[in-house]
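Architecture at a glance
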Amino acid sequence: MSLHRRQMIQLGTLGLSSLFAGKVFSAGTKRLATGHKPIVISTWDAGINANKGAWNVLRNGGRALDAVEQGVMVTENEQSCCVGLGANPDRDGFVTLDASIMDENGNCGSVAFLERIKHPISVARRVMEKTPHVMLAGVGAQQFAVEQGFTLEDGKLSDDAKKAYEEWLKKSEYKPSANIENSKSTSFAPLRLPNGGFNHDTIGMVALDAHGNVSGSCTTSGMAFKVRGRVGDSPIIGAGLFVDNEVGAATATGLGEEVIKVCGTHLVVEYMAQGMHPEEACKKAVEKIIRRHKGGDMKDVQVGFIAINKQGEYGGYGIVKGFNYAVCYADDHNELIYAKYALP
Ligand code: GLY
């Protein structure tokens, strides 16, 4: 009897509760996998709270898709610089939101340039489930949300965002560019913390449920003080988020233009399909971004990837120091991990 089959029988007799905290080994890959099932991981410090929302679903045997929606809704509700309606606005003073979601069947939905809706991730899910399309943008996305029963909020900036915007207006510096020549632009300033680290700019989450299915979600207000209409990687399937239920899932954070140019998360998942561990796959994708710049100085550019595979192994990697992600696979295990990075 194969190891895999033996384990399935053991897991069946041990019951669902043992799946929550237990390690799962798979003979299906060349490496001996030491993962966890269920498991949820998400980007940045905000991932700790987001994971709690997801874990409430996963610990009860719920679907990964529900977990990744519930999880990032926690962050959309929090007052944060970079996710949800409390976030920093674009250069014209409007908060515009991008989000995407993908399930275990390869279905996906996303919204871009969405205004005055509190939970873009749930609108993205409705796009996936209620329309024959993948992406809705701008006023059309907003109209669809309202038709679906979402409340149109007043569009006022949060106190923190108003303060940050008024401060930014004093100089109105804006040189966003993925070009390395301009990488010291203020476009990343809002992400820089006084200690030299980076604040989170996106909540990206991927989860494996007790049934062995993988899903992912990603939601953001994008780059602070961006050109009106700018859309980043988060709502673009294969850039900010990708799920392949035969392999695993990945999500991205950081400078979206860089992620889009290499189809970042699709790349990570393809590397995992070739047998790489999630961390190695994330590292390879980061290196691809760096290579594209042919030795240019990228020390002020951050991109981070996180990924899980079907065995419940996980990993993350950033271009520079400071990227972290939260990993939860038991009631008492929700841990913040500082990712390895490519540039010292
Ligand atoms: N990664 C989020 C953005 O660039 O919009």
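Residues numbered from 1 in each chain as written. Predicted model: local features only at pLDDT ≥ 70, side-chain atom pairs only at ≥ 80, totals over all residues. Heavy atoms only, no water.

1. Side note on the pattern of salt bridges
Scanning all chains against the criterion turns up 14 salt bridges. Here E167 makes a salt bridge to K170, at a shortest N to O gap of 2.9 Å. Here E167 and its partner K170 are both found in helix α7 (residues 159-171), 3 residues apart, which amounts to about one turn of the helix. What makes E167 partly exposed here is its relative accessible area of 48%. (Salt bridge = Lys/Arg side-chain N within 4 Å of Asp/Glu carboxyl O. Helix = DSSP H or I, 4+ residues; strand = E, 2+ residues; numbered from the N terminus. Buried < 20%, exposed > 50% of the residue type's maximum accessible area, 1.4 Å probe, protein only.)

2. Examining the state of the cysteines
Counted by the stated rule, this structure contains 1 disulfide. Across the disulfide from C81 sits C82; the S-S distance is 2.1 Å. With the S-S dihedral at roughly -65°, the linkage between C81 and C82 falls on the left-handed side. Judged by its relative accessible area of 23%, C81 falls in the partly exposed class. Taking the relative accessible area as the measure of exposure, C82 reaches 3% and is therefore buried. (Disulfide = S-S within 2.5 Å.)

3. A short note on the site of the ligand
Around the ligand, a shell composed of D201, T202, G222, R230, G232, D233, S234, G254 and G256 is seen. Backbone polar atom of G254 to a nitrogen atom of the ligand: 2.7 Å apart, as the coordinates give it. The protein chains hide 98% of the 200 Å² of surface that the ligand would expose on its own. In terms of residue class, the shell around the ligand is built from no nonpolar, 6 polar and 3 charged. (Near = heavy atom within 4 Å. Polar contact = N/O pair within 3.5 Å; in protein donor to acceptor, adjacent residues only side chain to side chain. Areas by Shrake-Rupley, 256 points an atom, 1.4 Å probe, with all protein chains shown as cover. Nonpolar A, V, L, I, M, F, W, Y, C, P; charged D, E, K, R; others polar.)

4. Some words on the packing of helix α4 (residues 64-77) against helix α5 (residues 120-130)
Interhelical geometry of α4 versus α5 gives an angle of 150° and a closest axis separation of 8 Å. Classified by the angle between their axes, α4 and α5 sit roughly antiparallel to one another. Two secondary-structure elements touch here, α4 through L65, D66, E69, V72, M73 and E76 and α5 through P120, I121, S122, R125, M128 and E129. (Axes fitted to C-alpha atoms, helices over the stretch in contact; angles between N-to-C directions. Parallel < 35°, antiparallel > 145°, perpendicular 65-115°, else oblique. Contact = heavy atoms within 4.5 Å.)

5. Some details on the packing of aromatic side chains
Using the criterion set out here, one finds 5 aromatic pairs in the structure. Taking the centre distance of 5.1 Å and the plane angle of 75° together, the rings of W44 and F323 count as edge-to-face. Taken as a pair, W44 in the loop between β3 (39-43) and α3 (47-58) and F323 in the loop between β12 (314-320) and β13 (324-330) lie far apart in primary sequence, 279 residues in all. When its relative accessible area of 1% is taken as the criterion, F323 is described as buried. Judged by centre distance (6.1 Å) and plane angle (15°), the rings of Y165 and W168 are stacked. Of this pair, Y165 and W168 both sit in helix α7, 3 residues apart, which is roughly one turn of the helix. On the basis of relative accessible area, Y165 is assigned to the buried category, the value being 13%. For W168, a relative accessible area of 12% puts it in the buried group. (Phe/Tyr/Trp six-rings, centres within 6.5 Å; stacked < 30°, edge-to-face > 60°.)

Read these as geometric descriptors, not functional statements.
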